[in-house]
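The chain contents come next:
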Amino acid sequence: MRSLTARIGRLRGGADGLCVGRTDAADGGRTHIGRIGLLDEDLEPLLVDWRAPAARPFYTATAAHPDGLVRRRHYRTRGRAVLDAHDDVLDGTGAGADGSDAALVAALEAPRTGTMRDIVATIRAEQDEVIRLDRTGFVVIEGGPGTGKTAVALHRVAYLLYTHPHLARRGVLVVGPHPRFLEHISAVLPSLGETDVVFATPGALLPGLATTAAEEPRVARVKGALAMVDVLAAAVADRQELPAGPVPVELDDVTVEITRELAAAARGRARATGQRHNEARATFAAALLDALAEQAVDRIGAGWLAPRESPELAADLRIDARAELRGHPAVHAAVDALWPELTPRQLLAQLYTAPERVAVAAAGLPPADRSALLRTDAIAWTVSDVPLLDEAAELLGPTAAVRRQDADARRRATDERRYAEEVLQILDTEPADEDEVRAADLLDADALAQRQEERDHRTVAERAGADREWVYGHVVVDEAQELSEMQWRVLVRRCPTRSFTVVGDLAQRRSAAGARSWADLAQRYAPGRWTHRVLRVCYRTPAEIMSVAAAVLDAHDPGHVPPEAVRSTGVTPWSREVTPGALVAAVHEAAAAEAARPGTVAVITARPLPAVPGAVVLAPHEAKGLEFDSVLVVEPQRMLDGGAADLYVALTRATQRLGVLHTGPLPAGLRGALATD
């Protein structure tokens, strides 16, 4: 049933624009290229899946290197209707080879809808090469704004799921910078027939918690550094405490004491197991009981009992004392105080609000960094807290209640398998002849036992998204330059095979804890198993706008080279200076003019603005990865407070038109680059 449901989903996803083109071979053969593959009733191909090797010439053939083709035809469709077609003639006759460019230009010039479309019909050769990389480890796709790196990464996922079907059993995790971005790209993979995908932001990688709250840069830098691994380990160790003084425990016949020495010995025994904090708690409690029972025997028998001479009597007294201690409230209270059972949220909440605990756990950090960890609202979880909570879960381990549930489930499974074996033994008789089918021929004990279990009808994506310990087959990280070292630890735990597609642009990095070198990042997590590809052509942003963005980048971050735009609209970006009191009215007026044209409109601003009819209002970091037909950038000088990345991102979101509204002098790079309105 699950297989048929997945098949139906793939067919529905590929139904819109099912056939994207056709290739005509020199030997007379014709191949139709589709979003999915289809066979006729005789199992002959009607459509070749775009990911199949037979489809590759559709994307790579040129007049100079035709790959055995004489013609390539591109279809432009809407629903099930073919609107028109463009041909590339590749037979050397010079009859023309601009069909692919015509199809690409038509796609780029089409008004945006707010949702990313797949690019199966217009994949370029350099993009196809990256999509079809069959490499393990990290594949880093670096590209500036508009190079199609996100689309390439998503199509690479579809390609990997096609060529390595086993990945679908574990699912694919796609991590994006914010919820609006994930919504923007959410239709691409389903349109390619792939649904075993979990979409998440860095603030939603921990089941049961989803946050978009950001820390101020200095706090994000501290929490994102690898030094926090040692801080958290020390924070856990600090909760394995010793009593300040002896703790009396009154028994029926004697009073015993939990001393620092006794607790230290029990702590050492628990730590020596190598178990995680919550799991080792039972060892600590047992060691404490053993020591207290021994102390009780010594005190009861003081002056008259020699354990070596009366071992049986001493053993009986020890058993009685241990039984009384096991249920004693004072012992339970002492164990809770000295080795408390903790959840990740309890550990961090109690750390953040206790200067004395921060002083111990973060002793190796500078004073300013230690103070950055303190806050008054203990449970106001931020994006930077999520990897720390995940790390804490690794250090603490599951609580006793969770371990009991897991043990009960394993016990039930064992019992059901044993019962199934007994049933099969009863049914397993000698066949009367060689054609007789026995029960054991049809199923084994495991299969019979599983039939008694309640089936989990959730999809792979649903099950993976709810399980912190789920291991994914592949992980895609978009805007990867923003992720901290601690966030990378979370993702590597989710995919121990290190099968990653990493997408980003260092010129757009705004996070103080983010990556500064792709080589350093990839070598740390996949040493010797990484590949780096650069996309240098900007398809989305027209040359008129890209030249403005390039001037800003050169003025404020000259170490980065912007991509080269390959199309022009003839529309010059403009700027208008207004008084502070007239700014809101000017934004509304400009947005109304843009909204009257086809397509989408965004107002990107570093200062709060009220809602603008006909446009979406975004902060620069909220616009990452998005695209709009028209963009109004408001108060660009304010965007430079955190570096050039915010302004660079804001300027490169437009596919057609760009306007700038400001109340003060334009920053370097913009002065003289914009037409004055």
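Note that the structure is a prediction, hence the values are computed from the model and not measured.

Calculation criteria
Residues numbered from 1 in each chain as written. Predicted model: local features only at pLDDT ≥ 70, side-chain atom pairs only at ≥ 80, totals over all residues. Heavy atoms only, no water. Salt bridge = Lys/Arg side-chain N within 4 Å of Asp/Glu carboxyl O. Helix = DSSP H or I, 4+ residues; strand = E, 2+ residues; numbered from the N terminus. Buried < 20%, exposed > 50% of the residue type's maximum accessible area, 1.4 Å probe, protein only. Expected span 1.5 Å × (residues − 1). Arc of directions from axis to C-beta. Contact = heavy atoms within 4.5 Å. Pairing = 2+ DSSP bridges. Polar contact = N/O pair within 3.5 Å; in protein donor to acceptor, adjacent residues only side chain to side chain. Phe/Tyr/Trp six-rings, centres within 6.5 Å; stacked < 30°, edge-to-face > 60°. Domains from an automatic or database assignment. UniProt positions renumbered as here; feature names shortened; annotations may be inferred. Axes fitted to C-alpha atoms, helices over the stretch in contact; angles between N-to-C directions.

Colleague: Whenever I open this one, the pattern of salt bridges confuses me. Can you help?
Modeller: Side chains that differ in sign of charge can pair as their charged atoms come close. Counted under the stated rule, the structure contains 43 salt bridges. Note that R35 is salt-bridged to D118, the shortest N-O span being 2.8 Å. Taken together, the residues R35 in the loop between β2 (30–34) and β3 (38–39) and D118 in the loop between α3 (99–109) and α4 (125–131) connect sequence positions 83 residues apart. We classify R35 as buried; its relative accessible area is 11%. Judged by its relative accessible area of 15%, D118 is buried.

Colleague: Help me out: how do you make sense of helix α11 (residues 260–272) in this one?
Modeller: Helical geometry note: an α-helix holds 3.6 residues per turn, so side chains three or four residues apart project in the same direction. Here α11 is 13 residues long and its end C-alpha atoms lie 18 Å apart, about the 18 Å a rise of 1.5 Å per residue gives. If you check which residues of α11 are buried, you get L262, A263, A266, R267 and A270. The buried residues of α11 occupy one face: seen down the axis, they fall within an arc of 135°. In α11, the exposed residues that point more than 90 degrees away from the buried face are E261, A265 and A272. In this structure, the buried side of α11 is in contact with β11 (255–258), α12 (277–300) and α14 (329–338). Remark: G274 follows α11 within two positions and exhibits a positive phi of approximately 75°.

Colleague: Honestly, the sheet that holds strand β4 (residues 45–49) in this entry has me stumped. Any pointers?
Modeller: Sheet strands pair via backbone hydrogen bonds, and the direction of the pair is either parallel or antiparallel. Taken in spatial order, the six strands line up as β3-β4-β2-β1-β5-β6 in an open sheet, and their pairing is mixed. Two strands bound the open sheet, and with one partner strand each, they are β3 and β6 (81–89).

Colleague: It is not clear to me how the environment of P636 should be interpreted in this structure. Could you clarify?
Modeller: On the secondary structure map, P636 appears in the loop between β20 (628–634) and α27 (645–651). C-alpha of P636 to C-alpha of G664: the two residues are 28 residues apart in sequence and 9.2 Å apart in space. Once you skip the residues sitting within four places of it in the chain, P636 turns out to touch L647, V660, L661, H662, L666, P667 and L670.

Colleague: I keep staring at the side chain of E142 and nothing clicks. Help me out?
Modeller: Within the secondary structure, E142 sits in strand β7 (residues 138–143). Reaching out from E142, the side chain makes a polar contact with the side chain of H532 at a distance of 2.8 Å. Excluding its chain neighbours within four sequence positions, the residues that come into contact with E142 are G504, W518, H532, R533, V534 and L535.

Colleague: Would you mind showing me how to read the packing of aromatic side chains here?
Modeller: How two aromatic rings sit relative to each other is set out by the distance from centre to centre and by the angle between their planes. Throughout the structure, instances matching the rule amount to six aromatic pairs. Centre to centre, the rings of F58 and Y59 are 5.0 Å apart; their planes meet at 90°, and the pair counts as edge-to-face. For the pair formed by F58 and Y59, the shared burial category is buried. A ring pair is formed by F138 and F500, whose centres lie 4.7 Å apart and whose planes are at 25°; its orientation type is stacked. Of this pair, F138 sits in strand β7 while F500 sits in strand β13 (residues 500–504), placing them 362 residues apart in sequence. Taken together, F138, W488, F500 and Y525 form an aromatic cluster joined through their ring pairs.

Colleague: Just to check I follow, could you spell out the domain arrangement of the protein chain for this structure?
Modeller: Interfaces are often described in size by the accessible area the parts lose on coming together. As far as domains go, the protein chain holds domain 1 (1–109), domain 2 (125–206 + 468–535), domain 3 (217–236 + 343–396), domain 4 (241–338), domain 5 (408–461) and domain 6 (543–676). Here the C-alpha centre of domain 4 lies 53 Å away from the C-alpha centre of domain 2.

Colleague: So what exactly am I meant to see when it comes to the UniProt feature "binding site: ATP" (unreviewed entry) in the protein chain here?
Modeller: According to UniProt, the "binding site: ATP" (unreviewed entry) feature falls on G143, G144, P145, G146, T147, G148, K149 and T150. Counting through the fold element by element, G144 comes out in the loop between β7 and α5 (149–163). On the accessibility criterion, G144 (8% relative accessible area) is buried. Leave out the neighbours within four places in its chain, and G144 touches K149, D505, Q508, L535 and P563. Following the sequence through the fold, G146 ends up in the loop between β7 and α5. If we skip the residues at most four places from it in the chain, G146 touches V537, C538, Y539 and R540.

Colleague: What exactly am I supposed to notice about the sheet that holds strand β8 (residues 172–175) here?
Modeller: An order of β9-β8-β12-β13-β7-β14 is seen for the six strands of this open sheet, with the pairing classed as parallel. Looking at which strands have only one partner, the edges of the open sheet turn out to be β9 (197–200) and β14 (530–535). For this sheet the average axis-to-axis angle between neighbouring strands, irrespective of direction, equals 15°. Sheet topology places strand β12 (residues 474–477) next to β13; three bridges connect them, and they run parallel. Each bridged residue has a counterpart across the sheet, and for V477 the counterpart in β13 is V502. Packing of α5 onto the sheet brings it into contact with β7, β8, β12, β13 and β14, and relative to β13 it is tilted by some 170°. In the packing of helix α24 (residues 518–525) onto the sheet, the strands contacted are β7, β13 and β14, and the crossing angle to β7 comes to about 165°.

Colleague: I keep staring at the pairing of strand β17 (residues 574–577) and nothing clicks. Help me out?
Modeller: In this structure, β17 lies alongside strand β21 (residues 654–662), joined through four bridges in parallel fashion. Note that in β21 the partner of W574 across the bridge is G659. Pairing of β17 with strand β22 (residues 675–676), which is carried by two bridges, proceeds in the parallel orientation. Across the sheet, W574 pairs through a bridge with A675, a residue of β22.

Colleague: For this particular structure, what's the right way to read the environment of G68?
Modeller: Looking at where G68 falls in the secondary structure, it is placed in the loop between α2 (56–60) and β5 (69–78). Remark: the alpha-carbon pair of G68 and T579, spanning 511 residues in sequence, is separated by 64 Å.

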